[in-house]
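# Observations on the model geometry
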Amino acid sequence: MLKCVIVDDERKSCKTLSTLIERYTEGITVCAEAASVAEGVRVINEVKPQLVFLDISMPDGTGFDLLDGIEDKKFELIFTTAYSEYAVRAIKMQAADYLLKPIDIAELQQAVANVKKSYAKTVSGSEHPQLVHSGLYQDKIAIPVNGGLEFLQHTDIIHLTAKGSYTSIFCKQNRTILSSHSLKEHEEILPPGCFFRTHHSHIINLLHIKHFHRGDGGYIIMTDNTEIALSRRKRKDFLALFLAS
């Protein structure tokens with residue numbers, strides 16, 4: 001049985017989540033609840049849970065402040081919030097999942113299943129096993145969109161193009177998603193070694209390159225036949241990816 005702690009300043013939300021965990025999940029027990037950053041730090045240090053459900057916006061700070069206040073983070077993390085705009089930062093924290101309120105039962109069950117799967121991969125023979133932060137986001141990328149999050153396999157993304165403060169994401173099967181975050185923010189969470197920024201307005205998936213055309217900087221043709229500009233200053237780095245000895 002994995003011990004969990006819920007940190008949420010809204011007591012009603014805390015109780016609701018605790019009830020959902022009790023009724024609809026297995027192998028998880030709620031050991032304590034906290035209603036602020038300070039209380040959350042104290043409770044987590046005392047209980048030493050394997051899982052923390054963490055709200056982001058609280059009166060005395062944020063969930064990120066709470067994490068900064070804990071030195072030994074030997075637990076999996078599931079963010080619970082009413083706001084999708086924190087998704088990118090949550091991904092950087094290697095959260096196991098990011099649940100939007102009101103909590104969907106099926107999404108909660110999947111999040112808990114991910115944590116239990118991660119816990120099962122702990123190093124055998126360890127006296128104090130630690131969770132392996134595999135998380136949801138190693139296989140999928142969470143794309144912030146208006147009204148929530150869109151989850152994509154990174155191999156399905158062909159290229160991304162800046163559209164003002166938004167980003168157009170072009171995927172397989174002629175699917176396009178408009179993300180509410182900037183191209184720079186996406187660049188920070190995309191898997192390293194798989195994506196390359198060719199231009200201030202473009203990021204490409206190296207798996208989907210079809211042809212490189214030499215010229216003034218040159219341009220790249222992707223598998224969806226889109227021509228992507230390659231800036232002069234990026235050309236050397238781009239070619240080095242394929243021509244290195």
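Residues numbered from 1 in each chain as written. Predicted model: local features only at pLDDT ≥ 70, side-chain atom pairs only at ≥ 80, totals over all residues. Heavy atoms only, no water.

## Thoughts on unusual backbone geometry
- The linkage connecting Lys 101 with the following residue, Pro 102, adopts the cis geometry, with an omega of -5°.
- For Asn 174, which is not a glycine, the phi torsion comes out positive at approximately 60°.
- Secondary-structure assignment places Asn 174 in the loop between β11 (166–171) and β12 (175–179). (Helix = DSSP H or I, 4+ residues; strand = E, 2+ residues; numbered from the N terminus.)

## Section: the confidence of the model for the protein
- Within the protein, residue pLDDT values average 85, and 88% of them lie at 70 or more.
- Residue range residues 122–137 is modelled with pLDDT below 50. Its contacts to residues more than four positions away, or to other chains, number 34 contacts. (pLDDT = per-residue confidence, 0-100. Contact = heavy atoms within 4.5 Å.)

## Overview of the nonpolar core
- The biggest cluster of nonpolar side chains holds 25 residues, and the ones touching the most others in it are Val 7, Ile 44, Leu 54, Leu 66 and Phe 79.
- Only β1 (2–7), β2 (28–34), α2 (37–47), β3 (51–54), α3 (63–68), β6 (76–81) and α4 (87–92) provide two or more residues apiece to this core.
- Here the element with the most residues in this core is α2; it accounts for five residues.
- Listed in part, the 18 residues of the second largest apolar core include Ile 6, Leu 51, Ile 78 and Leu 99. (Core = buried A, V, L, I, M, F, W, Y, C linked by side-chain atoms within 4.5 Å. Buried < 20%, exposed > 50% of the residue type's maximum accessible area, 1.4 Å probe, protein only.)

## Some remarks on the sheet that holds strand β7 (residues 97–100)
- If you trace the five strands from one edge of the open sheet to the other, you get β2-β1-β3-β6-β7, paired in parallel fashion. Of all strands in the sheet, those with a lone pairing partner are β2 and β7, marking the two edges. On average, adjacent strands in this sheet sit at an angle of 20° to one another, irrespective of strand direction.
- When β6 meets β7, the two strands line up parallel, connected through four bridges. What sits directly across from Thr 81, in β7, is Leu 100.
- Here α2 sits on the sheet and contacts β1, β2 and β3; the angle it forms with β2, its principal contact strand, is near 140°. (Pairing = 2+ DSSP bridges. Axes fitted to C-alpha atoms, helices over the stretch in contact; angles between N-to-C directions.)

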